[in-house]
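Notes for the structure review
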Amino acid sequence: MDESELIKGIQQGDNKVFRVLVETYQRMVVNTCFGIVHSTADAEDLAQDVFLEIFRTAGSFRGDSKISTWLYRIATNRSLNFVRNKKRKGFFQSLEETFTGGKNRNSEISENRSDQPDQNITDQQRSDLLHRAIDQLPEKQRIAFTLNKYEELPYQQIAEVMEISLASVESLIHRAKKNLQEQLLDCYKKKCV
Amino acid sequence: MKHKCIHKDLIFYLDNELSEEKRTAVEKHLEECADCRSFLVFLKDEMQIIEKEKNPEASPFFYTRLSARLDERPQFKQQGLWVRFAQPAFFSVMLIAGIYGGLRLGSNASSGMINPEPTSTIQLMNDFENEPIESFLLNEL
Ligand SMILES: [Zn+2]
């Protein structure tokens with residue numbers, strides 16, 4: 001089944017075609033969301049939202065870009081929104097903590113960690129540090145970096161997803177790496193892991 | 001340490017993005033500098049995390065869950081429609097009834113209320129004074 005057949009089927013509300021689409025792109029969408037939210041459970045929930053949105057809005061798909069480009073765009077937008085909301089919630093939670101003495105935060109951290117229960121502590125610390133460093137990146141750098149590192153997309157396709165020039169992608173990824181390195185060096189010097 | 005360290009080039013060194021000339025310089029520096037070598041290992045381990053964690057194993061029930069959500073959508077929409085019309089209608093009726101009742105009460109008060117009973121209000125106030133809020137709170141504790 002080629003792309004135009006997939007789109008046509010979904011536009012007609014054909015569940016079988018939708019299933020083919022989901023099975024074809026599921027790994028890709030979950031992995032992209034994961035690169036931004038760093039949790040398998042959250043990434044899967046977001047990926048479900050992405051596919052529901054595709055099913056709902058297929059009628060407006062113009063077909064001038066690839067399905068994957070369309071999916072990447074929705075996946076990164078939704079993941080960034082998710083992280084923003086979580087940050088906001090975290091802010092209010094920390095406010096609440098200052099008043100209540102704070103029991104809630106620990107439960108949230110352990111919930112995040114339960115994703116990979118068998119990893120040893122140093123690996124967990126390493127990935128926590130990397131995730132924190134990625135989260136510190138400005139949003140555009142984060143998207144470009146994630147698509148490049150987690151999805152191994154070539155710069156040209158990242159430019160299409162983000163609707164920016166190739167030169168901008170190069171610059172975003174260069175700055176993302178520089179920023180990450182700076183943060184990791186900072187941590188290395190302070191021996192924070 | 002005598003030299004200018006090359007920490008800032010290492011992420012690009014790892015990704016093979018340095019010019020030939022710079023790459024040679026970095027490698028020469030690494031031979032001499034234990035600190036930069038150690039940071040390179042640290043950085044490499046960190047970036048390796050991405051390779052380890054990417055493409056997480058997806059749940060086998062992904063589509064089952066998704067199709068369940070797909071099925072519940074129309075029902076949800078219907079419910080939304082019902083709530084959207086019924087709720088304002090209900091509140092409008094309540095509002096009109098309230099205004100009408102208020103008007104009736106108002107006209108009764110102006111025409112019919114000749115002998116109000118002020119004593120009952122005073123009694124209520126006195127009760128309240130008998131139990132000051134401080135003692136109430138203290139009793140609670
Ligand atoms: Zn050095």
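All values derive from a computational prediction rather than experimental measurement. (Residues numbered from 1 in each chain as written. Chains lettered and ligands numbered in written order. Predicted model: local features only at pLDDT ≥ 70, side-chain atom pairs only at ≥ 80, totals over all residues. Heavy atoms only, no water.)

A word on the coordination of the zinc ion. Residue and element names in this part refer to chain B. Ligation of the zinc ion by protein atoms is provided by Cys-5 (SG), His-29 (NE2), Cys-33 (SG) and Cys-36 (SG), these donors lying 2.1 to 2.4 Å from the ion. Coordination geometry of the zinc ion: the four donor atoms subtend angles of 96 to 122° at the metal centre, consistent with an arrangement described as tetrahedral. On the primary sequence, the residues serving as donors to the zinc ion are separated as C-x23-H-x3-C-x2-C. By relative accessible area, which is 2% here, Cys-33 ends up buried. (Donors = N, O, S within 2.8 Å, 3.2 Å for Na, K, Ca; no water. Tetrahedral: all angles 85-135°; square planar, octahedral: opposite > 155°, others 65-115°. Buried < 20%, exposed > 50% of the residue type's maximum accessible area, 1.4 Å probe, protein only.)

The next subject is the packing of aromatic side chains. Under the definition given, this model contains eight aromatic pairs over all chains. Between A:Phe61 and A:Trp70, the aromatic rings sit 4.0 Å apart at their centres with planes inclined by 20°, giving stacked as the arrangement. Here A:Phe61 falls in the buried class, since its relative accessible area comes to 11%. Aromatic ring contacts, followed pair by pair, group A:Phe18, A:Phe55 and B:Tyr63 into a single cluster. (Phe/Tyr/Trp six-rings, centres within 6.5 Å; stacked < 30°, edge-to-face > 60°.)

The next thing to look at is the interface of chain A and chain B. Counting residues at the interface gives 40 residues for chain A, matched by 33 residues for chain B. When chain A packs against chain B, the two sides together hide about 3,700 Å² of surface, and 61% of this comes from carbon and sulfur. Of all residues in chain A, the largest losses of buried area upon contact with chain B belong to A:Gln48, A:Gln181 and A:Tyr188, amounting jointly to 20% of the total for that side. Inspection of the chain A/chain B interface yields nine salt bridges. For A:Glu44, the salt bridge identified is with B:Arg65, shortest N-O distance 3.9 Å. Here chain A and chain B share 22 residue pairs in polar contact (both at pLDDT 80 or more) between them. Of all elements in the fold, only helix H2 (15-37), helix H3 (40-57), helix H6 (121-136), helix H7 (139-149) and helix H9 (166-190) of chain A reach the threshold of two or more residues within the side of chain A that touches chain B. The leading source of residues in the side of chain A that touches chain B is H3(A), at ten residues. Class assignment for the residues of the side of chain A that touches chain B results in 18 nonpolar, nine polar and 13 charged. (Contact = heavy atoms within 4.5 Å. Buried area = accessible area lost by both parts, 1.4 Å probe. Salt bridge = Lys/Arg side-chain N within 4 Å of Asp/Glu carboxyl O. Polar contact = N/O pair within 3.5 Å; in protein donor to acceptor, adjacent residues only side chain to side chain. Helix = DSSP H or I, 4+ residues; strand = E, 2+ residues; numbered from the N terminus. Nonpolar A, V, L, I, M, F, W, Y, C, P; charged D, E, K, R; others polar.)

Another point: the pattern of salt bridges. Applying the stated criterion across every chain yields a total of 21 salt bridges over all chains. Residue B:Asp45 is joined to A:Arg126 by a salt bridge in which the shortest nitrogen-to-oxygen separation is 3.3 Å. One end of the pair, B:Asp45, is in helix H3 (residues 34-53); the other, A:Arg126, is in helix H6, on a second chain. Residue classification places B:Asp45 among the partly exposed positions, given a relative accessible area of 29%. The salt bridge partner of A:Asp186 is A:Lys190, with a shortest N-O separation of 3.1 Å. Taken as a pair, A:Asp186 and A:Lys190 lie in helix H9 at a separation of four residues, close to a single helical turn. Residue A:Asp186 is classed as partly exposed on the basis of its relative accessible area of 39%. In the salt-bridge network here, residues are joined through shared partners; they are A:Asp123, A:Arg126, B:Asp45 and B:Lys52.

A few words on the domain arrangement of chain A. Residues and elements named next belong to chain A. Once the domains are mapped, chain A shows domain 1 (1-102) and domain 2 (104-193). Of the roughly 2,200 Å² buried at the junction of domain 1 and domain 2 (both faces included), carbon and sulfur atoms supply 47%. Seen at the junction of domain 1 and domain 2, the total is three salt bridges. As a salt-bridge pair, Arg-84 and Glu-139 come within 2.8 Å of each other at their nearest N and O atoms. Our enumeration of links across domain 1 and domain 2 arrives at nine residue pairs in polar contact (both at pLDDT 80 or more). Looking at the side of domain 1 that touches domain 2, the elements with two or more residues in it are H2, H3 and helix H4 (67-100). (Domains from an automatic or database assignment.)

Residues and elements named next belong to chain B. Summing up the model confidence of chain B, the mean pLDDT is 76 and the portion of residues at 70 or higher is 65%. When pLDDT is averaged over each helix and strand of chain B, the minimum, 47, is found for helix H5 (residues 118-130) and the maximum, 97, for helix H1 (residues 10-14). Counting interchain partners and residues more than four positions distant, the pLDDT-below-50 stretch residues 116-137 has zero contacts. In the predicted complex, the global pTM is 0.73; the interface-specific ipTM is 0.84. (pLDDT = per-residue confidence, 0-100.)

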